[in-house]
Amino acid sequence: MAAELLFAPYKPKNLEPKNAIGAKWLRLLDRLALGDTVSGKRVAVKMHLGGGTGFTTIHPLFARQLVEKLKAAGAKEVFVTDAFYAVRDAVARGYTQEVLGCPIVADTGTADRYFYTHKIDPPFRTLSEVQLAGEIMDADVLVDFAHVKGHGACGFGGASKNLSMGCVTDATRSALHRLEGGLEWEEKRCDRCGVCIEHCAQHAIKFNKENRWEVFYHNCKFCQHCVLICPQKAIRMVGGGYKDFQEGMARTTAKILEKFGPANTIFLNLLMNVTVYCDCWGMTTPALVPDIGILAGRDIAAIEQATLDLVRTEDLIPGSLPASWTLGHRGHLFEKIHGKDPHAIIDALERLGYGSRAYTLAEVE
Ligand code: SF4
Ligand code: SF4
């Protein structure tokens with residue numbers, strides 16, 4: 001059965017405050033019947049608080065209004081949470097306890113040492129366990145409040161990435177990134193001619209300090225030009241690359257959702273300031289498409305699918321990407337930009353039994 005998602009469109013039907021997104025956001029929260037889920041409970045609101053000079057993460061106003069609604073719905077305790085390094089300097093981007101109306105907590109503790117270890121059984125490639133954030137796993141209810149954006153390593157960041165990469169220790173984040181695998185270099189064949197570096201349009205290849213060949217997978221589009229152009233046949237494609245990374249993220253998401261169950265999880269995807277890269281880059285760049293609105297629901301696969309459907313190639317804003325960038329011809333806008341099919345994570349979530357991509361949209365006026 002198709003999951004019903006609520007959708008508050010950014011575009012107002014006229015220029016009155018009651019029809020602007022801030023007011024629609026409050027009506028959307030009212031329609032979620034939060035009391036049934038949070039009354040008497042301890043609620044973790046997982047956000048990405050960004051870094052550096054980025055200022056297009058979720059605006060603190062939306063977070064404050066959410067916290068107020070959760071409290072009014074009877075939550076025993078509410079806290080906003082993110083990775084320890086993002087919480088450390090969140091104040092620089094306007095996220096404070098005074099503004100949000102609740103504590104802001106480092107999800108694995110200030111030293112990244114508070115976690116629960118969960119086995120991935122059977123292991124997925126090199127991923128045999130994940131360290132899940134202690135502060136989040138101790139909560140009764142999880143609100144996954146995600147800023148939607150592009151992502152160089154997996155196509156896009158939404159609800160699943162907000163959990164799998166944001167509710168774990170640094171060690172698990174690295175283990176997930178290692179799944180990207182991808183290209184293998186055979187040192188004894190390579191004469192360091194540099195042809196691959198010259199022909200990589202993504203500037204993803206370099207020789208490191210030890211003079212060893214290295215790929216920056218965030219930028220790599222797996223186009224395999226380097227494989228084809230290498231005169232020595234020193235490079236080859238291995239493993240599943242970004243799809244294994246997405247599968248690892250889906251399995252980590254599943255472990256988190258297993259704890260809470262559908263009755264204690266709310267997904268909120270904010271499609272505003274949809275930038276090319278993740279908030280962790282610590283910068284703000286032009287939005288790729290006009291602001292779209294906010295989605296809410298209880299099914300992670302459905303909300304991710306609706307998110308991708310709303311970010312459309314035909315809406316790409318001219319000049320939002322550097323002039324030197326060329327768009328691919330295949331798939332979703334995020335795939336044309338990053339070379340990675342963003343639907344792979346939805347495939348994995350569905351296969352693992354966490355939701356279904358079928359949805360209907362109920363518009364919040
Ligand atoms: S093109 Fe091949 S031989 Fe030349 S530097 Fe790259 S990997 Fe080495
Ligand atoms: S596969 Fe393409 S993008 Fe990736 S390193 Fe090789 S040439 Fe660069």
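Residues numbered from 1 in each chain as written. Chains lettered and ligands numbered in written order. Predicted model: local features only at pLDDT ≥ 70, side-chain atom pairs only at ≥ 80, totals over all residues.

(A) Local environment of the environment of I229. Inspection of the secondary structure puts I229 in helix α10 (residues 225–229). Setting aside residues no more than four positions away along its own chain, I229 makes contact with V195, C196 and H199. (Helix = DSSP H or I, 4+ residues; strand = E, 2+ residues; numbered from the N terminus. Contact = placed C-beta atoms within 7 Å.)

(B) Layout of the site of ligand 2. In the vicinity of ligand 2, the residues found are C200, Q202, A204, I205, V215, C220, K221, F222, C223, Q224, H225 and C226. Grouping the constituent residues of the shell around ligand 2 by class yields eight nonpolar, three polar and one charged. (Near = placed C-beta within 6 Å. Nonpolar A, V, L, I, M, F, W, Y, C, P; charged D, E, K, R; others polar.)

(C) Expanded view of the site of ligand 1. Around ligand 1 sit C190, D191, R192, C193, G194, V195, C196, W213, C230, Q232, A234 and I235, and those are all the residues in its vicinity. In terms of residue class, the shell around ligand 1 is made up of eight nonpolar, two polar and two charged.

(D) Examining the domain arrangement of the chain more closely. Domain parsing of the chain yields domain 1 (3–177 + 242–363) and domain 2 (187–238). Averaged C-alpha coordinates put domain 1 and domain 2 at centres separated by 33 Å. When its residues are assigned to classes, the side of domain 1 that touches domain 2 shows two nonpolar, three polar and no charged. (Domains from an automatic or database assignment.)

(E) Molecular detail of the sheet that holds strand β14 (residues 265–271). One open sheet holds the eight strands; their spatial order is β4-β3-β2-β7-β14-β15-β1-β16, and the pairing between them is mixed. Two strands bound the open sheet, and with one partner strand each, they are β4 (104–106) and β16 (359–363). With direction set aside, neighbouring strand axes in the sheet form an average angle of 25°. Here six bridges tie strand β7 (residues 141–147) to β14, and the two strands are oriented parallel to one another. (Pairing = 2+ DSSP bridges. Axes fitted to C-alpha atoms, helices over the stretch in contact; angles between N-to-C directions.)

(F) Summary view of the pairing of β14. The buried fraction of β14 amounts to seven of the seven residues, a majority that puts the element mostly inside the structure. A two-sided burial pattern is seen for β14, the buried positions comprising T265, F267, N269 and L271 on one face and I266, L268 and L270 on the other. Both β14 and strand β15 (residues 293–297) contribute to a ladder of five bridges, which runs antiparallel. Directly across from L270, in β15, lies its bridge partner I294. (Buried ≥ 20, exposed ≤ 12 C-beta atoms within 10 Å, placed from the backbone.)

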